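Examination of the molecular architecture
Given next are the chains, with one letter for each unit.
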Amino acid sequence: MTAVEVSYTEDGPADAPVVVLSNSLGATRGMWDPQVPALAERYRVVTYDTRGHGESPAPAGPYTVDDLVDDVVALLDRLGARTAHVAGLSLGGMTAMRLAAREPARVGRLVLLATSAKPDPQGFLDRAVQARSGGTAPLAPAIVGRWLTPAYAAQHPDLVARLEAMIAGADDEGYANCCEAVGHFDAREDLARITAPTLVVSGAEDPALPPPHQQLIADGIAGATLVSISPGAHLPNLEQPLEVTGALLAHLDAAGSHA
Ligand SMILES: O=C(O)CC1=CCC(=O)O1
């Protein structure tokens, strides 16, 4: 499938190394709001909406994660960035993982958060059917219920409402196509091909993609480091922003990678 021109935002110095942040299924680039200000002090931070989400186009499906990678490669080309550090959460992590395996020369350092090399397909394929028949809005409360721990969600109703609105705002068909891309994703054989220095991040209480998924990734990528965020569910970057931003910066800054 032809790459689409995704909608993106840039923050930080234009001449700094590029960091691309890739969103999870149902979210938008706004999910990175807690990370962007600190990263933008020394990186050119590019957040974008995965196709079918936010302000990006939702072309006719089906989609594969390789299509989403094509969109990121096209984005890097539009930015004039030969290489970039890439961080992605969940579906965004699948995109980042496949990008790093397919186009190793384009990826500096890699951060894979709350993601999987082989998600259990059935739930995502079922969800695609539900999104097509009833839209994404009715699905939102249950999904957000996995993004934050129950205690954190109870204390942050405005955040819960904002996240539910992100999901409800996704294009129903585009979201369904992305669910199917997740359901058909299998990167287990990609892992040994990834050469970028890699940080893997788990939400210790993530009910969507629990820590064994990230353990498998960390075991498969040579030299990868695994960090567990607790308490944390599927979007630990929202629940523990200081810890996750600190881990991201420590990994990106290592070995003078921002020089
Ligand atoms: O939406 C969920 O339930 C969890 C998830 C899996 C892939 C993704 O991006 O989010």
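Fair warning: this is a prediction, and the values are worked out from it, not measured in the lab.

Observations regarding helix α2 (residues 65–79)
Given a rise of 1.5 Å per residue, 15 residues ought to cover 21 Å, and the 21 Å separating the end C-alpha atoms of α2 matches this to within 8%. Within α2, burial applies to Val65, Asp67, Leu68, Val69, Asp71, Val72, Val73, Leu75, Leu76 and Leu79. Considering only its buried residues, α2 is in contact with β1 (8–11), β2 (18–22), β3 (44–48), β4 (84–89), α3 (91–102) and α8 (172–183). Among the residues trailing α2, glycine 80 stands out with phi positive, at a value near 70°.

Some points on the pattern of salt bridges
One pass over the structure, following the stated rule, counts 17 salt bridges. Among the ionic pairs, aspartate 253 bridges to arginine 42, the shortest N-O distance being 2.3 Å. One end of the pair, aspartate 253, is in helix α11 (residues 241–253); the other, arginine 42, is in the loop between α1 (36–39) and β3, with 211 residues separating them in the sequence. Aspartate 253 gets classed as buried once you look at its relative accessible area, which sits at 16%. Measuring nitrogen to oxygen at the nearest pair gives 2.9 Å for the salt bridge that ties aspartate 66 to arginine 102. Taken together, the residues aspartate 66 in helix α2 and arginine 102 in helix α3 connect sequence positions 36 residues apart.

Overview of the state of the cysteines
In this structure the tally under the stated criterion is zero disulfides. Summary of cysteine pairing: cysteine 178 is not part of a disulfide, and the nearest cysteine sulfur, belonging to cysteine 179, is at 7.4 Å. According to the relative accessible area criterion, cysteine 179 is buried, its value standing at 0%.

Regarding the nonpolar core
Counting 87 residues, the largest nonpolar core has Met97, Leu110 and Trp147 as its most contacted members. Here this core gets eight residues from one element, more than from any other, and that element is α2. Among all residues touching methionine 97, those that are not within four sequence positions of it are Leu112, Thr115, Ser116, Ala117, Phe185, Ala187, Leu191, Ile194 and Ile217.

Quick word on the packing of α2 against α3
A packed helix pair is summarised by two numbers, namely the angle formed by the two axes and the spacing between the axes. Between α2 and α3, whose axes approach to 9 Å, the crossing angle comes to 75°. Judged by the angle between their axes, α2 and α3 are roughly perpendicular. Contacts between α2 and α3 pair Val65, Asp66, Leu68, Val69, Asp70, Val72 and Val73 from the former with Leu91, Met94, Thr95, Arg98, Leu99 and Arg102 from the latter. Residue composition of the contact of α2 with α3, grouped by class: eight nonpolar, one polar and four charged.

Focus: the UniProt feature "domain: AB hydrolase-1" (unreviewed entry) in the protein chain
Here the UniProt-annotated "domain: AB hydrolase-1" (unreviewed entry) positions come out as residues 17–240. In residues 17–240, the share of helix is 44% and the share of strand is 15%. The end C-alpha atoms are 25 Å apart.

Focus: the pairing of β4
By the criterion of burial, β4 is predominantly enclosed, with six of the six residues buried. Of the two faces of β4, the one carrying Ala84, Val86 and Gly88 and the one carrying His85, Ala87 and Leu89 are both buried. Direction of pairing for β4 relative to strand β5 (residues 107–113): parallel, over a ladder of five bridges. Its bridge partner being in β5, alanine 84 is matched across the sheet by valine 107. This β-α-β element, β4 to α3 to β5, shows right-handed connectivity.

Topic: the layout of surface pockets
Within this model, the largest pocket holds a volume of roughly 300 Å³. Lining the largest pocket are 17 residues, with Phe124, Arg127, Arg146, Ala208 and Leu209 positioned closest to its centre. Counting only elements with at least two residues in the lining of the largest pocket, the list comes to α3, α4 (121–134) and α5 (140–147). Among the residues forming the lining of the largest pocket, the class breakdown is 10 nonpolar, four polar and three charged.

Digging into the sheet that holds strand β6 (residues 198–203)
One open sheet accounts for seven strands, arranged β1-β3-β2-β4-β5-β6-β7; its pairing is mixed. The outermost strands of the open sheet, each flanked by one partner alone, are β1 and β7 (225–229). Neighbour-to-neighbour, the strand axes of the sheet open up by a mean angle of 20°, direction not taken into account. Helix-sheet contacts for α3 involve β2, β3, β4 and β5, and the interaxial angle to β4 is about 145°. α11 rests against β2, β4, β5, β6 and β7 of the sheet, and its axis sits at about 155° to β5.

Notes on unusual backbone geometry
Omega for the peptide link from glycine 61 to proline 62 comes to -5°, which places this bond in the cis form. Of the consecutive residues serine 230 and proline 231, the connecting peptide bond is found in the cis state with omega at -5°. As for its placement among the helices and strands, proline 231 is situated in the loop between β7 and α10 (236–239). Within the chain, serine 90 stands out as a residue other than glycine whose phi angle is a positive 60°. With respect to the secondary-structure elements, serine 90 resides in the loop between β4 and α3. Residue serine 90 is classed as buried on the basis of its relative accessible area, which comes to 7%. A positive phi is found at alanine 114, a non-glycine position, where the angle reads about 45°.

Thresholds, definitions, all that
- Residues numbered from 1 in each chain as written.
- Predicted model: local features only at pLDDT ≥ 70, side-chain atom pairs only at ≥ 80, totals over all residues.
- Heavy atoms only, no water.
- Helix = DSSP H or I, 4+ residues; strand = E, 2+ residues; numbered from the N terminus.
- Expected span 1.5 Å × (residues − 1).
- Buried < 20%, exposed > 50% of the residue type's maximum accessible area, 1.4 Å probe, protein only.
- Contact = heavy atoms within 4.5 Å.
- Salt bridge = Lys/Arg side-chain N within 4 Å of Asp/Glu carboxyl O.
- Disulfide = S-S within 2.5 Å.
- Core = buried A, V, L, I, M, F, W, Y, C linked by side-chain atoms within 4.5 Å.
- Axes fitted to C-alpha atoms, helices over the stretch in contact; angles between N-to-C directions.
- Parallel < 35°, antiparallel > 145°, perpendicular 65-115°, else oblique.
- Nonpolar A, V, L, I, M, F, W, Y, C, P; charged D, E, K, R; others polar.
- UniProt positions renumbered as here; feature names shortened; annotations may be inferred.
- Pairing = 2+ DSSP bridges.
- Right-handed = clockwise from strand over helix to strand, strands pointing away.
- 1 Å grid on protein atoms, 1.4 Å probe; cavity = no way out; pocket = protein on both sides within 12 Å on 5 of 7 lines; lining within 4 Å.
- Points joined across faces, edges and corners; volume = space filled by probe spheres on them.

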